[in-house]
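Each chain is listed here by its residues.
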Amino acid sequence: MTAATATPATLPAPARRLGVVAGLRHTATLSWRSLVQIKHNPMELLDLSIQPVMFVLLFTYVFGTAIAGSSGDYLRFMLPGIMVQNALFATMTTGFGLNQDLTRGVFDRLRALPIARWAPLAGRILADTVKQAWSIALLLAVGMILGFRVGNGLLGVLAAFALLLAFTLAASWISVLVGVLVNEPEKVQIFGFMVIFPLTFTSNIFVPTERMPGWLQHWVEINPVTIVADALRGLLVTGPVAGPVAQTLLWAVGLAAVFAPLAVRALRRRV
Amino acid sequence: MTYAIRAEGLVRRFGETTALAGVDLAVPTGTVFGLLGPNGAGKTTTVRVLATLLAADEGHATVGGYDVRRDPHRVRQLIGLTGQYASVDEALTGTENLLLIGRLLGLSRAQARARAAELLADFQLTDAAGRAAKTFSGGMRRRLDLAASLVGRPQVLFLDEPTTGLDPRSRNELWDIVRTLVADGVTVLLTTQYLEEADQLASEIAVVDHGRVIAQGTPEELKAKTGGQVLTVRPTDPADLPTVLAVAGEVARATPEVVQTTVTVPVNDPDVLPTVVRRLDAAGVPVAELALRGASLDEVFLSLTGHRAEQDADTDAMEESLA
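The rules we used
- Residues numbered from 1 in each chain as written.
- Chains lettered and ligands numbered in written order.
- Predicted model: local features only at pLDDT ≥ 70, side-chain atom pairs only at ≥ 80, totals over all residues.
- Heavy atoms only, no water.
- Buried < 20%, exposed > 50% of the residue type's maximum accessible area, 1.4 Å probe, protein only.
- Helix = DSSP H or I, 4+ residues; strand = E, 2+ residues; numbered from the N terminus.
- Pairing = 2+ DSSP bridges.
- Patch = residues over 30% accessible without salt bridge, like charges linked within 9 Å, V, L, I, M, F, W, Y side chains within 5 Å.
- Areas by Shrake-Rupley, 256 points an atom, 1.4 Å probe, with all protein chains shown as cover.
- Salt bridge = Lys/Arg side-chain N within 4 Å of Asp/Glu carboxyl O.
- Contact = heavy atoms within 4.5 Å.
- Buried area = accessible area lost by both parts, 1.4 Å probe.
- Polar contact = N/O pair within 3.5 Å; in protein donor to acceptor, adjacent residues only side chain to side chain.
- Phe/Tyr/Trp six-rings, centres within 6.5 Å; stacked < 30°, edge-to-face > 60°.
- Lys NZ or Arg CZ within 6 Å of the ring centre and 35° of its normal.
- Domains from an automatic or database assignment.

### Let's talk about the pairing of strand β13 (residues 262-267) of chain B
All names here are of chain B.
Next up, step 1: The element β13 is extensively covered by neighbouring structure, given that five of its six residues are classed as buried.
Next up, step 2: Inspection of the sheet shows strand β12 (residues 257-259) paired to β13 by three bridges, in the antiparallel sense. Paired with V259 across the bridge in β13 is T262.
Next up, step 3: Following β12, the chain reverses through two residues before pairing antiparallel with β13; Q260 in that reversal takes a positive phi of roughly 55 degrees.

### Quick word on a nonpolar patch on the surface
Next up, step 1: On the surface, M43, L46, I50, M54, L58, V62 and F63 of chain A cluster together into a nonpolar patch covering about 640 Å² of accessible area.
Next up, step 2: Tracing the chain through its elements places M43 of chain A in helix α2 (residues 42-68).

### Re unusual backbone geometry
All names here are of chain B.
Next up, step 1: Positive phi, close to 45 degrees, is recorded for E161, a residue that is not glycine.
Next up, step 2: With respect to the element layout, E161 can be found in the loop between β7 (156-160) and α6 (168-183).
Next up, step 3: Judged by its relative accessible area of 3%, E161 falls in the buried class.
Next up, step 4: Look at H210: it is not a glycine, yet its phi comes out positive at around 50 degrees.
Next up, step 5: Looking at where H210 falls in the secondary structure, it is placed in the loop between β9 (204-209) and β10 (212-217).

### Observations concerning the interface of chain B and chain A
Next up, step 1: The interface is formed by 46 residues belonging to chain B together with 37 residues belonging to chain A.
Next up, step 2: Contact between chain B and chain A buries roughly 3,500 Å² in total, counting both sides, with carbon and sulfur atoms accounting for 57%.
Next up, step 3: On the chain B side of the interface with chain A, the three residues burying the most area are H73, R76 and L104 of chain B, jointly 19% of the side's total.
Next up, step 4: For the pair chain B and chain A, the number of links is six salt bridges.
Next up, step 5: Between R104 of chain A and E90 of chain B there is a salt bridge, with the nearest N and O atoms lying 3.5 Å from each other.
Next up, step 6: Scanning the region where chain B abuts chain A turns up 16 residue pairs in polar contact (both at pLDDT 80 or more).

### Focus: the packing of aromatic side chains
Between two aromatic rings, the relevant description is the distance of the centres plus the angle of the planes.
Residue and element names in this part refer to chain A.
Next up, step 1: Going through the model one piece at a time under the given rule, you end up with nine aromatic pairs over all chains.
Next up, step 2: Where F59 meets F63, the ring centres are 5.1 Å apart and the plane angle is 35 degrees; that geometry is what we call tilted. With F59 and F63 both in helix α2 and four residues apart, this pair spans about one turn of that helix.
Next up, step 3: Ring geometry for Y74 and F77: centres 6.3 Å apart, planes at 35 degrees, overall tilted. Taken together, the residues span about one helical turn, with Y74 and F77 both in helix α3 (residues 71-104) at a distance of three residues.
Next up, step 4: Three or more aromatic residues link up through ring pairs in this structure, and these residues are F55, F59, F63, F89, F193, F197, F201 and F206.
Next up, step 5: Above the face of the F77 ring, R233 is positioned so that its terminal group lies 4.2 Å from the ring centre.

### Considering the domain arrangement of chain B
Residues and elements named next belong to chain B.
Next up, step 1: Considered domain by domain, chain B is made up of domain 1 (3-217) and domain 2 (224-322).
Next up, step 2: For domain 1 and domain 2, the distance between their C-alpha centres works out to 37 Å.
Next up, step 3: Contact with domain 1, which involves 15 residues of that partner, is made by nine residues of domain 2.
Next up, step 4: At the boundary of domain 1 with domain 2, total buried surface from both sides reaches about 930 Å², with 73% on carbon and sulfur atoms.
Next up, step 5: When the area that domain 1 buries against domain 2 is broken down by residue, the three leading residues are P38, L195 and I214, summing to 44%.
Next up, step 6: Mapped onto the side of domain 1 that touches domain 2, the elements with two or more residues apiece are α7 (195-201), β9 and β10.
Next up, step 7: The element that contributes the greatest number of residues to the side of domain 1 that touches domain 2 is β9, accounting for four residues.

Right, dumping it as structure tokens:
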């Protein structure tokens with residue numbers, strides 16, 4: 001065994017373990033990596049911005065009068081919901097980026113470095129949370145330009161942001177799981193389209209539950225998207241707060257409890 | 001002699017497939033060790049086990065004296081990894097990629113910048129440093145990949161098929177870089193499908209096939225191992241190829257190969273030459289070329305594994321039609 005020791009005696013032996021502080025520093029560096037990409041690919045920022053803005057404009061002016069009688073009333077009803085929809089679509093970036101890293105070998109390079117094992121994933125999730133916050137703020141700003149008024153002041157807005165970020169953080173574990181399981185990044189987007197589109201449209205974010213066919217109403221009422229949208233309506237406009245907020249947090253805990261272990265296990269298996 | 005890398009009895013299965021069936025390696029410090037084999041031989045799996053990316057099902061390995069399983073964090077502080085499955089971030093610029101690695105390795109912002117600039121200059125990437133890596137040519141990409149694995153001044157460098165897909169000029173540039181690194185005392189484990197590459201760079205080669213090391217030695221030893229001689233016969237009239245094949249195979253007691261109109265077969269006994277001449281003469285086959293020469297690594301591989309390292313579809317088709 002002595003013959004195999006190639007470390008020169010003059011060099012100090014490398015550290016055996018890594019502290020949590022170092023891991024947090026690695027996480028910060030890796031989220032810088034995800035965010036600085038936007039500088040070279042401004043399209044990504046447009047992706048994050050144009051779709052939500054377009055949805056708000058289209059729904060407000062095309063469907064607003066038909067559904068709610070006036071575009072102003074409809075905006076008040078729909079804006080919190082469209083925030084939820086947009087946030088759920090945006091969680092797919094996490095799985096998409098992770099899959100790109102896995103298939104292109106970036107993940108292996110990072111794992112061969114003496115950094116915390118959880119830092120590559122944590123760095124990505126942190127960066128995507130920053131992007132989420134940007135999209136939510138942008139939606140609210142556009143809404144306010146179009147005439148949306150918040151009902152519970154700054155505190156309500158901050159609470160709504162925190163709640164939605166907590167929910168998307170939990171939901172992004174689904175995206176991580178999909179990102180690990182599929183063999184190419186585009187399949188993450190296909191999954192997002194196939195699942196999130198029907199899921200968000202069969203909620204009460206665009207159309208009030210009572211205007212839908214009876215059989216659908218049962219589903220709409222238990223759809224978590226409805227629950228989160230109701231919580232945001234309560235915080236941003238008016239209506240019950242405690243119930244929907246508590247249920248949203250329960251959903252977040254449930255999603256994380258189920259999908260985080262599955263995603264981490266799948267990732268361990270894949271790499 | 002000290003060994004930078006040691007592996008004993010590495011076994012790794014993926015479901016039904018056995019990627020490694022008991023790999024033993026001993027790489028002396030400060031040398032280039034070539035892991036030579038076709039696609040799917042187990043080269044990349046070996047590198048992934050040694051680079052702490054993958055746990056072996058059986059066996060153990062040390063890098064720089066540290067066990068890859070028990071002390072992975074220490075091993076990671078000594079190694080650099082580059083190649084087909086470890087790559088840079090295409091969306092970042094050359095500089096940013098190196099900054100990222102430098103910062104992750106604990107360098108200060110200023111140190112990371114200085115190290116990045118130094119490496120970019122060494123690898124002639126200064127002009128492209130501010131461009132996204134996805135705009136780089138193949139050769140530039142590989143140089144950046146290599147630079148990224150050198151940020152931490154590794155003692156042991158894993159190069160997994162570093163020149164696959166490169167044009168000859170870029171390949172030669174990369175070879176020169178590897179030679180410089182070894183001159184500086186770095187130990188390099190190189191995997192390659194190219195026999196020429198192993199021959200050019202490695203002081204010792206392990207030939208891998210189906211997850212096992214089937215031969216090991218210096219390039220010269222490996223060439224000598226198979227008798228070291230190759231009989232080459234080119235008939236004047238291509239129509240005589242089947243006769244030549246039959247004669248060559250019978251006399252050399254090995255399976256001959258055909259490339260265009262030339263038949264080659266490895267031989268152990270130089271005395272076969274007169275026999276072949278007599279037999280071809282008796283069969284009335286006029287010969288344009290008849291020679292005995294030292295074996296190339298390509299032929300060494302063929303005689304060790306029974307198949308070529310780089311499959312050539314045309315040759316295969318011809319062999320089948322002549323069989």
